[in-house]
Amino acid sequence: WRNSQTVLNAAYYAKLFWAGEVTSLEGQAVAAATGNVAGNGDPLMMEERLRQIPEYVRRFKAVFGTDRPLIGDAWKAISAFERTIVSKPENVPFDRHMKGDAKALGEEARRGLALFSAKAGCIQCHSGPLLSDESYHSLGVPKSPVFEEDPLRQITLRYQHVSRGVPEPVYRTADRDLGLYYTTKRDEDRGKFRTPTLRELKYTAPYMHNGVFFTLEEVIDFYDEGGGNEPGKSPLLKPLKLTAQEKKDLLAFLLSLSSDQPIIVPAPKLPDYAVLK
């Protein structure tokens, strides 16, 4: 029902998910594995399945000192692994530039950096090492067409309204993701989402909380127009009036925030179930 965010560099976030519902990778692992719309797993069943795999029994004992795997330790193991999936500065052109490599960025990317920091105003929200202020903003992002076409997505959205306790009038009228409102129940928080990192965005399409944009060019055009037209849109968004060349420059800079090669995690060979001895 939402566009899943990348796990790349999630180790550095203080808030996770689009509305910051959890504040640790351990908490995120639980929510993703047990959430009805995500993993839909029962913790007791997941724990029992781990206990039916001798290799996991051996590994959990070696790491945690327990005779049988415990689901709480599984969350720790997942989180420890996620903390290894991070960008390496030597592989990211922008990071090399910041460390003094005069050849790391081309002319277009250098001009794009200047636009990012000044005329385009991106740095107002995309700041700091993560290129995110980790705050919440409403951009007026348009609805994704797939929600109009797919009944299952519509049902899922309605389920979210109910499970997150929105008032009946809101349930009856809401036709899109309400973002931070689910947590605060304040009308001014409708449509607000946590600013995502811009790191590795070359490899993490689609974009926005609902995945409505599939290219960075679409994203740049959206911001150039001053965002959407929804009520409560952030006052930080204004038409930019970028030229065609400025859009190319900004794109070049955004691409420089990604590693030279995608960060690939090889699929592991999973151990087999077996009768416990």
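Our subject is the structure listed above.
## Re the overall build of the protein chain
In step 1: For the protein chain, the count of helices and strands is 12 helices and 2 strands.
In step 2: The burial tally for the protein chain puts 40% of its 277 residues in the buried class.
In step 3: When contacts within the protein chain are restricted to residue pairs at least 6 apart in sequence, those whose partners lie at least 24 apart make up 62%.
In step 4: Surface exposure of the protein chain reaches about 15,500 Å², of which carbon and sulfur atoms provide 58%.
In step 5: Each charge class in the protein chain was averaged separately, 37 positive and 36 negative side chains, and the resulting centres sit 3 Å apart.

## Brief notes about the packing of helix α11 (residues 216-224) against helix α12 (residues 244-255)
In step 1: α12 packs onto α11 with a crossing angle of 125° between their chain directions and a minimal axis gap of 10 Å. Regarding the angle of α11 to α12, the classification is oblique. Our pair here, α11 against α12, has a crossing hand that is right-handed. Of the residues in α12, those touching α11 at Leu 216, Glu 217, Ile 220, Asp 221 and Asp 224 are Lys 247, Leu 250, Leu 251, Leu 254 and Leu 255.

## Thoughts on the packing of aromatic side chains
In step 1: If you walk through the whole model with that rule in mind, you get 8 aromatic pairs.
In step 2: Arranged with centres 6.0 Å apart and planes meeting at 65°, the rings of Trp 1 and Tyr 182 form a pair that is edge-to-face. Of this pair, Trp 1 sits in the segment before α1 (25-34) while Tyr 182 is found in helix α10 (residues 181-184), placing the two residues 181 residues apart along the sequence.
In step 3: Of the residues examined, Tyr 182 reaches a relative accessible area of 4% and is grouped as buried.
In step 4: For the pair Phe 60 and Phe 64, a centre-to-centre distance of 5.7 Å together with 35° between the ring planes defines the contact as tilted. In this pair, Phe 60 and Phe 64 both sit in helix α3 (residues 54-64), 4 residues apart, roughly one turn of the helix.
In step 5: Every member of this aromatic cluster is reached through a ring pair, and the members are Tyr 56, Phe 60 and Phe 64.
In step 6: The ring of Phe 147 carries the charged tip of Arg 153 above its face, separated from the ring centre by 5.8 Å.
In step 7: Cation over ring: Arg 194 sits above Tyr 13, and NZ or CZ is 4.0 Å from the ring centre.

## Brief notes about the side chain of His 209
In step 1: If you trace the backbone, His 209 turns up in the loop between β2 (192-194) and α11.
In step 2: When residues no more than four places from it in sequence are discounted, the contact partners of His 209 are Arg 2, Asn 3, Trp 18, Val 141, Asp 177 and Phe 193.

## Focus: the packing of helix α2 (residues 43-51) against helix α4 (residues 71-82)
In step 1: The geometry of α2 relative to α4 is characterised by a closest axis approach of 9 Å and an angle of 80° between their N-to-C directions. Looking at the two axes, α2 sits roughly perpendicular to α4. Contacts between α2 and α4 pair Pro 43, Met 46, Glu 47 and Leu 50 from the former with Ile 71, Ala 74 and Trp 75 from the latter.

## Some details on α4
In step 1: For α4, which comprises 12 residues, the first-to-last C-alpha distance of 17 Å matches the rise-based estimate of 16 Å (1.5 Å per residue) to within 8%.
In step 2: The set of residues buried in α4 consists of Ile 71, Asp 73, Ala 74, Trp 75, Ser 79 and Glu 82.
In step 3: Those residues of α4 that are buried lie in contact with α1, α2 and α3.

## Points about the pattern of salt bridges
In step 1: On inspection of all chains with the given rule, the structure shows 25 salt bridges.
In step 2: Across the salt bridge formed by Arg 2 and Asp 177, the nearest N and O atoms sit 2.5 Å from each other. Here Arg 2 is found in the segment before α1, whereas its partner Asp 177 is found in the loop between α9 (168-173) and α10, with 175 residues between them in sequence. In this structure, Arg 2 and Asp 177 share a single accessibility class: buried.
In step 3: Put simply, Arg 199 and Asp 95 hold a salt bridge, and the shortest N to O gap is 2.9 Å. With Arg 199 in the loop between β2 and α11 and Asp 95 in helix α5 (residues 93-98), the pair connects residues that are 104 residues apart, well separated along the chain. The pair formed by Arg 199 and Asp 95 is uniform in burial state, with each residue classed as buried.

Definitions and cut-offs
- Residues numbered from 1 in each chain as written.
- Predicted model: local features only at pLDDT ≥ 70, side-chain atom pairs only at ≥ 80, totals over all residues.
- Heavy atoms only, no water.
- Helix = DSSP H or I, 4+ residues; strand = E, 2+ residues; numbered from the N terminus.
- Buried < 20%, exposed > 50% of the residue type's maximum accessible area, 1.4 Å probe, protein only.
- Contact = heavy atoms within 4.5 Å.
- Areas by Shrake-Rupley, 256 points an atom, 1.4 Å probe, with all protein chains shown as cover.
- Lys, Arg positive; Asp, Glu negative; His and termini not counted.
- Charge placed at Lys NZ, Arg CZ, Asp CG, Glu CD.
- Axes fitted to C-alpha atoms, helices over the stretch in contact; angles between N-to-C directions.
- Parallel < 35°, antiparallel > 145°, perpendicular 65-115°, else oblique.
- Left-handed = near helix turned anticlockwise from the far one by under 90°.
- Phe/Tyr/Trp six-rings, centres within 6.5 Å; stacked < 30°, edge-to-face > 60°.
- Lys NZ or Arg CZ within 6 Å of the ring centre and 35° of its normal.
- Expected span 1.5 Å × (residues − 1).
- Salt bridge = Lys/Arg side-chain N within 4 Å of Asp/Glu carboxyl O.

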